[in-house]
Amino acid sequence: MAQKIIKNPGQKRSLKKLSDIFKGFSKLNYQERLDMLNEAQVLSEQDLNYLKSGGLQEINLAEKFVENAIGYFQLPMGVATNFNINGNDYIIPMAVEETSIIAAASKTAKWVRENGSIKTEVIGNDIIGQIQFAKVQNFELFNQQILQQKSYLISLANREVAFGLVARGGGVSDLKIRKLDRGDGYDMAVIHIYMNPCDAMGANVMNQVCEYLKDPIEQFTSEKVTMCILSNLVDSKLTRATVTLDKIDAVLANKIEEASRFAELDPYRAATNNKGVLNGIDPILIATGNDWRAVEAGVHAYASRDGQYRAITKWRKVDTKLVGVFEAPVIVGTVGGVTTLHPSAKIALKMLGVKSANELSCVIAAVGLVQNLGALRALTTVGIIEGHMKLHIKNLSLGAGATDMEMPFVVKKLEEILTLRKRISLSNAIEVLTDLRKQMNH
């Protein structure tokens, strides 16, 4: 099956330059940030009122999404700035609870923006569905029967189930048969169904296609279907992001390459490396109402495709440049499901301004790769503690019980301790707060 490479999917909307928003955005207060996004036509007055009200207040939508609903669990949603991907500026919405992720993404994106570029592409179009036959009596005969009916099965699926996708230029495109050795004298057969879901994730349609084809296949093969389900290892549709730093210190470039090689060779390091990549990916998936568990499963499975779990990113010093690549399945949607039903997801997609699911997957891959670069840069220079813990100080201060009035003093004192000792903990915050209150009482 031929794979199609789609470069630079989508074109960015025409607005006041987003680069104007990037300047000093992190220094603004909450209301000023909202006003800035409104002025640049990223958010409307209605969007601002929704965000200022704290999001969803009624239980009605939760009742439609989940069973036994009792309320909502809210995550902070912020925006990462400074991203220029394929020559387009983006405001990146991120829903996440971990300190430093948004700051690190924005800081590293600025570094890349000033010294290099981010390019992306989507390779292939189709997601995969599986129809399993646990035990086939004669695999060669089964294979021959399926191939003889291949065109009929594809047209049947498109006519009866995937007709909506066909009308938008997608639908079922191919079918393949795989043989798996069970080790007990029997052969397991698996039919792979390939389908272009257009701008939807396509999970529901794919599952319906597989279920629909079950009966006709059983009838002409006399074999019994065991189960039908889509696969989250979509190696037929990959998203590739490439970061090129044209200007970088040679020593730092070498250090980042060595850190990358560590993660490529050692699964223990690879797990943490890839978690760092997903620090950039998951918050966008959550913000836009996409299935982050499905994308994570696909990323991890693809990282193990040669039999060993490896880094999903690769960094190399090429002459005087540093080049990093992320490549994995990032199957997302911009229509259907939570993406079009949840007000916060709709606002997030509006902020991004993406025109297609492919463009969204490219943005997500780019942010994951930039997040990885930021982590490797920190690890090979100041270390993860100084960078992460400095941003974690406010959380420690809150955990110690500091009030809004006490917070500035506690934060300043903890920053001094971190600089001096290179480590910090909640006990330090409690001690600083206790001393402060003693001084105030005297």
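As a reminder, the structure under discussion sits directly above these lines.
Residues numbered from 1 in each chain as written. Predicted model: local features only at pLDDT ≥ 70, side-chain atom pairs only at ≥ 80, totals over all residues. Heavy atoms only, no water.

Enquirer: What's the story with the pattern of salt bridges in this structure? I'm lost.
Expert: It is possible for side chains bearing opposite charge to pair when their charged atoms get close. Using the criterion set out here, one finds 17 salt bridges in the structure. The salt bridge partner of Asp246 is Lys321, with a shortest N-O separation of 3.6 Å. Of this pair, Asp246 sits in the loop between strand S9 (238-245) and helix H10 (250-265) while Lys321 sits in strand S11 (residues 321-328); the two residues are 75 residues apart in sequence, bridging distant segments of the chain. The salt bridge involving Lys412 is made with Glu416; its shortest N-O contact spans 3.0 Å. Of this pair, Lys412 and Glu416 both sit in helix H17 (residues 407-421), four residues apart, roughly one helical turn. Here Glu416 falls in the partly exposed class, since its relative accessible area comes to 38%. Overlapping salt bridges, with partners in common, bring together Glu121, Arg240 and Glu327 in one network. (Salt bridge = Lys/Arg side-chain N within 4 Å of Asp/Glu carboxyl O. Helix = DSSP H or I, 4+ residues; strand = E, 2+ residues; numbered from the N terminus. Buried < 20%, exposed > 50% of the residue type's maximum accessible area, 1.4 Å probe, protein only.)

Enquirer: Quick question: what am I supposed to make of the environment of Ile312 here?
Expert: Relative to the assigned elements, Ile312 resides in the loop between helix H12 (292-303) and strand S10 (313-318). By relative accessible area, Ile312 is classed as buried at 5%. Remark: the alpha-carbon pair of Ile312 and Glu114, spanning 198 residues in sequence, is separated by 25 Å. Residues in contact with Ile312, not counting those within four places in the same chain, are Asn273, Asn274, Val277, Val299, Tyr302, Ala303, Val325, Phe326, Glu327 and Ala328. (Contact = heavy atoms within 4.5 Å.)

Enquirer: Got a minute to help me understand the pairing of strand S6 (residues 171-181) in this structure?
Expert: Side-chain positions along a regular strand alternate between the two faces of the sheet. Judged from the ten bridges that link them, S6 and strand S7 (residues 187-196) form a sheet pairing that is antiparallel. By the bridge assignment, Arg178 is partnered in S7 with Val190. Where S6 folds back on S7, the antiparallel hairpin that results is connected by five residues, among which Gly183 adopts a positive phi of roughly 85°. (Pairing = 2+ DSSP bridges.)

Enquirer: How do you make sense of the side chain of Asn158 when you look at a structure like this?
Expert: Residue placement: Asn158 occurs in helix H7 (residues 150-160). Not counting chain neighbours up to four residues away, the residues in contact with Asn158 comprise Phe163, Val166, Gly171 and Val172.

Read these as spatial facts, not as claims about activity.
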